[in-house]
Amino acid sequence: MKILSIAIPCYNSAAYMRRCIDSLLPGGEDVEILIVDDGSTKDNTAEIADEYEKNYPGIVKAIHQENGGHGEAVNAGLRNATGVYYKVVDSDDWVDVDVYLDIIKTLKELVAGPQTVDMFISNFVYDKAGAKHKKVMRYKAFPEKEVFQWDHAKKLHIGRYILMHSVIYRTMLLRECNLELPKHTFYVDNLFVFQPLPYVKNLYYKNVNFYHYFIGRDDQSVNEKVMISRIDQQIRVNKIMIDTMADNKIADKRIRQYMTSYLDIITTVTSVMLIRSGTEENLEKKKELWQYLKAKDGGLYFRLRHGLFGRTMNLPGRGGRKLSVAAYKISQKFYGFN
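Calculation notes
- Residues numbered from 1 in each chain as written.
- Predicted model: local features only at pLDDT ≥ 70, side-chain atom pairs only at ≥ 80, totals over all residues.
- Heavy atoms only, no water.
- Salt bridge = Lys/Arg side-chain N within 4 Å of Asp/Glu carboxyl O.
- Helix = DSSP H or I, 4+ residues; strand = E, 2+ residues; numbered from the N terminus.
- Buried < 20%, exposed > 50% of the residue type's maximum accessible area, 1.4 Å probe, protein only.
- Axes fitted to C-alpha atoms, helices over the stretch in contact; angles between N-to-C directions.
- Parallel < 35°, antiparallel > 145°, perpendicular 65-115°, else oblique.
- Contact = heavy atoms within 4.5 Å.
- Nonpolar A, V, L, I, M, F, W, Y, C, P; charged D, E, K, R; others polar.
- Core = buried A, V, L, I, M, F, W, Y, C linked by side-chain atoms within 4.5 Å.
- Polar contact = N/O pair within 3.5 Å; in protein donor to acceptor, adjacent residues only side chain to side chain.
- Pairing = 2+ DSSP bridges.
- Right-handed = clockwise from strand over helix to strand, strands pointing away.
- Expected span 1.5 Å × (residues − 1).
- Arc of directions from axis to C-beta.
- Phe/Tyr/Trp six-rings, centres within 6.5 Å; stacked < 30°, edge-to-face > 60°.

A. Looking closely at the pattern of salt bridges. Going through the model one piece at a time under the given rule, you end up with 12 salt bridges. Among the salt bridges present, the one from Glu51 reaches Arg18, with a minimum N-O distance of 2.9 Å. Linking Glu51 in helix α2 (residues 45-55) with Arg18 in helix α1 (residues 17-24), this pair joins segments that are 33 residues apart in sequence. Take Glu51: its relative accessible area is 32%, and that puts it in the partly exposed class. Of the charged contacts in the structure, one is a salt bridge between Lys206 and Asp102, with a shortest N-O distance of 3.4 Å. With Lys206 in strand β10 (residues 203-215) and Asp102 in helix α4 (residues 97-112), this residue pair connects regions lying 104 residues apart in the sequence. Accessibility expressed as a relative area gives 8% for Lys206, which makes it buried. When salt bridges with common partners are traced through the structure, they connect Asp118, Arg170 and Glu176 into a single cluster.

B. Representation of the packing of helix α10 (residues 280-296) against helix α11 (residues 298-305) within the structure. It is the contact of α10 with α11, at a shortest axis distance of 5 Å, that shows an interaxial angle of 135 degrees. When the axis of α10 is compared with that of α11, the two are oblique. Contacts between α10 and α11 involve Trp290, Leu293, Lys294 and Lys296 on the former and, on the latter, Gly298, Leu300, Tyr301, Leu304 and Arg305. Its residues placed into classes, the contact of α10 with α11 shows 5 nonpolar, 1 polar and 3 charged.

C. Just the nonpolar core, in detail. Ranked by internal contacts, the top residues of the largest apolar core, which has 113 residues, are Ile162, Tyr169 and Phe192. Looking at this core, the element that brings in the most residues is helix α9 (residues 253-277), giving 12 residues. Apart from residues lying up to four places away in sequence, Tyr169 is in contact with Tyr85, Tyr86, Asp118, Met119, Leu174, Phe192, Val193, Pro196, Leu197 and Val200.

D. Broad picture of the side chain of Asp118. Inspection of the secondary structure assignment puts Asp118 in the loop between α4 and β6 (119-128). From its side chain, Asp118 meets the backbone nitrogen of Lys201 in a polar contact 2.8 Å long. Not counting chain neighbours up to four residues away, the residues in contact with Asp118 comprise Ile168, Tyr169, Arg170, Leu173, Tyr199, Val200, Lys201 and Asn202.

E. Region of the structure containing the pairing of strand β1 (residues 4-10). Buried residues dominate β1, accounting for 7 of its 7 residues. Burial of the side chains of β1 extends over both faces: Leu4, Ile6, Ile8 and Cys10 are buried on one face and Ser5, Ala7 and Pro9 on the other. Inspection of the sheet shows β1 paired to strand β2 (residues 31-38) by 7 bridges, in the parallel sense. Counted as the bridge partner of Cys10 is Asp37 from β2. Handedness of the crossover joining β1 and β2 through α1 is recorded here as right-handed. Both β1 and strand β4 (residues 85-88) contribute to a ladder of 4 bridges, which runs parallel. For Ser5, the partnering residue across the bridge sits in β4 and is Tyr86.

F. Region of interest: α10. Relative to the 24 Å expected for 17 residues at 1.5 Å per residue, α10 spans 24 Å between its end C-alpha atoms, a close match to the ideal helical length. For α10, the complete set of buried residues consists of Asn282, Leu283, Lys286, Leu289, Trp290 and Leu293. Viewed end-on, α10 has its buried residues packed into an arc of 115 degrees, placing them on one side of the element. Relative to its buried face, α10 has exposed residues pointing more than 90 degrees away, namely Glu280, Glu281, Glu284, Lys294 and Ala295.

G. Broad picture of the pairing of β6. With 9 of its 10 residues buried, β6 lies for the most part within the structure. Where β6 and strand β9 (residues 167-170) come together, 3 bridges link them in antiparallel fashion. In the strand pairing of β9, Met119 is matched with Tyr169. Where β6 and β10 come together, 10 bridges link them in parallel fashion. Paired with Ser122 across the two strands is Lys206, which belongs to β10. Two strands pair when backbone bridges link them, and β6 and strand β7 (residues 135-137) are joined in this way by 3 bridges, in the antiparallel orientation. In the strand pairing of β7, Tyr126 is matched with Lys135. The hairpin turn running from β6 into β7, its antiparallel successor, is 6 residues long, and Gly130 in that turn takes a positive phi close to 85 degrees.

H. Highlighting unusual backbone geometry. Phi is positive for Asn12, which is not a glycine, with a value near 50 degrees. Within the fold, Asn12 resides in the loop between β1 and α1. In this model, Lys145 sits at a positive phi of 55 degrees, which is unusual for a non-glycine residue. Tracing the backbone through its elements, the reader meets Lys145 in the loop between β7 and β8 (147-148). The exposure class of Lys145 is exposed, given its relative accessible area of 62%.

I. Summary view of the packing of aromatic side chains. With the rule as written, the count across this model stands at 19 aromatic pairs. Relative to Tyr213, the ring of Phe124 has its centre 6.3 Å away and its plane inclined at 70 degrees; by these criteria the two rings are edge-to-face. Placement of the pair is Phe124 in strand β6 and Tyr213 in strand β10, with a sequence separation of 89 residues. Classification of Phe124 as buried rests on a relative accessible area of 0%.

Spatial relationships are all this shows, so hold off on functional conclusions.
And the structure:
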């Protein structure tokens, strides 16, 4: 039985995917590494995937598909996963090997234990190119080294969000909640974490620095200029997150609070990028996004629109928009979110 399935979405990733794969191979027979070649055409990504499958039979599987985007690569990994747990590692990122082996050991103990764990959380490192000091995302609100429920967790501070880099989901939970990420859309990593949350009952947090999230390529999706050029995809993800909350009657107060806070920051990011673009068309899109939220869930709209970020992102006039951007930059530094 495979304890952990790891999907690596790859699109023209030949220049850096080997470091990612090599960091995962020490998991041995306890893991399966699903290299998803998402229609790469500009380099030998497909050949590298096949090479690893040939050299590590039973551990590495190469999956080739027509280009469908990051989300469809995650979907393909999930469709092929046989492990009890499922993890996504982007092809330009990597993991700490010693911590990785320790996490596999812990997952095996949890599988053998009396309680089913739906979500396993660990820390990740913002591995920014050229930075001497690497920021680590930790989750001090969570109890350590024990199975716990949401009501045993403290409130997460702003900026301490559970991201794809920090989460390992139980594979069957993702299938039971019918997770399917949209094709040809960036920023779906937010949906990967967000949409299954109402189904999560038991959690486990290990305070170790597992995942290294590389930041530094000019073409990365989190680059601000790139985000603005792909703003329609960010809006699409934002609206799906709104739909997720509007369509689910989330009884657990702590999950609802957390999801509301998460949606708040995503809507803030979308709004500020629309403002930063400086076009009248995108200012109309910002207005329409908030109207969409209001039409979907009036109560949720009220909480977000009249919260700190909502008020700041909707200041009137050109001067108000400049203040919105300035406040966002201050918030980035103060709260530490990327």
